[in-house]
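Listed below, chain by chain, are the residues.
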Amino acid sequence: MTQDELKQAVARAAIEYVVDGQIIGVGTGSTANFFIDELGKIKGRIKGAVASSEATAERLRSHGITVFDLNEVETMPVYIDGADEINGAGAMIKGGGAALTREKIVASVAQKFVCIADGSKLVEVLGKFPLPVEVIPMSHSVVARKLAALGGEPRLRVKDGQPVVTDNGGYILDVLGLAITDPAAIEDQINNIVGVITNGLFARKGATVCLLGTAEGVRKLEF
């Protein structure tokens, strides 16, 4: 199976976690896009969705799914999203699509986080995928120096020669060279750096369930 076929398989499997008549949280990225397409087929069963990015909101609306502002929602039964890496305890690195802050905010309101990913995303130690850190633009140099002091190699994310700007107006520093053996501690440590909006470690509130696409079928991990 191709990587896209594996993503499509877990997107279909995630429909099982959709709660009828409720609002659900939806993530950002290629795997989340497959899920949105599947969600569009059953849109009559749900009240609507909260999107973790402008791109996700647009895709949801294209399927005729009502998009709610998070300020209108007190709680949700489930948040469904992909991951760039996930370990055996459900801690994740996210943010390859630059939506990490809104993803973390929306996920914080949900009772359950269902991670959907192809099998290559399961790792023993997080950090081979560069850790995204969203920062206030004026602070990116000072934050980069402090991240380097932690042993990482921070690089400002650029596209077409210009810094990538998030939906929140932030910049992204991608930190290479970290072997993250204590994800919760590193999440806290980086978030305490002045100028950091948040980082892409989802360890304090990780996945509840992970649906992994493998050649043998969808493998379910519960944490």
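Here, every reference points to the structure presented above.
The paragraphs below set out a description of the structure included in this document. Each chain has its residues counted from 1, running along the sequence as written. Restriction of local features to residues with pLDDT of at least 70 applies here, the model being predicted, together with a cutoff of 80 or more for giving and counting side-chain atom pairs; totals for whole chains, interfaces and linings are based on all residues. Think of the side-chain values as coming from all heavy atoms in the structure, minus any hydrogens and water.

### Describing the pairing of strand S6 (residues 113-118)
Counting buried positions along S6 gives 6 out of 6 residues, so the element sits mostly inside the fold. Only protein chains enter the accessibility calculation, which uses a 1.4 Å probe; a residue whose area is less than 20% of its type maximum is buried, one above 50% is exposed, and one in between is partly exposed. Helix and strand assignments follow DSSP, with helices taken as H or I runs no shorter than four residues and strands as E runs no shorter than two, numbered in order from the N terminus. Burial of S6 is two-sided: the residues Phe113, Cys115 and Ala117 facing one way and the residues Val114, Ile116 and Asp118 facing the other way are all buried. When DSSP finds at least two bridges between two strands, those strands are taken to pair. As paired elements, strand S3 (residues 79-81) and S6 share 3 bridges and run parallel to each other. Paired with Tyr79 across the bridge in S6 is Phe113. Relative to strand S14 (residues 209-214), S6 is paired through 5 bridges, and the arrangement is parallel. Bridge pairing in S14 links Asp118 to Gly213.

### Considerations on the environment of Asp81
Looking at the secondary structure, you find Asp81 in strand S3. In this structure, the C-alpha to C-alpha distance between Asp81 and Thr66, residues 15 residues apart in sequence, is 18 Å. Apart from the residues within four sequence positions on either side, Asp81 is in contact with Gly27, Thr28, Ala32, Lys94, Glu103, Phe113, Val114, Cys115 and Ile116. Pairs of N or O atoms within 3.5 Å make up the polar contacts considered here, provided that, within protein, one atom can donate a hydrogen while the other can accept it, and that residues adjacent in sequence are counted only when both atoms are side-chain atoms. Side-chain polar atoms of Asp81 contact the side chain of Tyr79, separated by 2.6 Å. Looking at Asp81, its side chain comes within polar contact range of the side chain of Lys94, at 2.7 Å. Residue contacts follow a heavy-atom distance rule, with two residues in contact if any of their heavy atoms lie within 4.5 Å.

### Structural notes on the sheet that holds strand S4 (residues 85-86)
The 3 strands are arranged S4-S5-S13 in an open sheet whose pairing can be described as antiparallel. In the strand order of this sheet, the two ends are held by S4 and strand S13 (201-202), each with one partner. When S4 meets strand S5 (residues 92-93), the two strands line up antiparallel, connected through 2 bridges. Residue pairing across strands places Glu85 opposite Ile93, the latter belonging to S5.

### So, the sheet that holds strand S11 (residues 171-176)
The strand order across the open sheet formed by 4 strands is S8-S11-S7-S12, and the pairing between neighbours is antiparallel. The open sheet has two free edges, formed respectively by strand S8 (153-156) and strand S12 (196-199), since each of these has just one partner strand. Mean inter-strand twist for the sheet, computed between neighbouring axes without regard to direction, equals 30 degrees. Where strand S7 (residues 131-135) meets S12, 3 bridges bridge the pair, whose relative direction is antiparallel. Fitting a line to C-alpha atoms yields each axis, with helices limited to the stretch in contact; the angle taken between N-to-C directions then spans 0 to 180 degrees.

No statement about biological role is implied by the geometric values presented.
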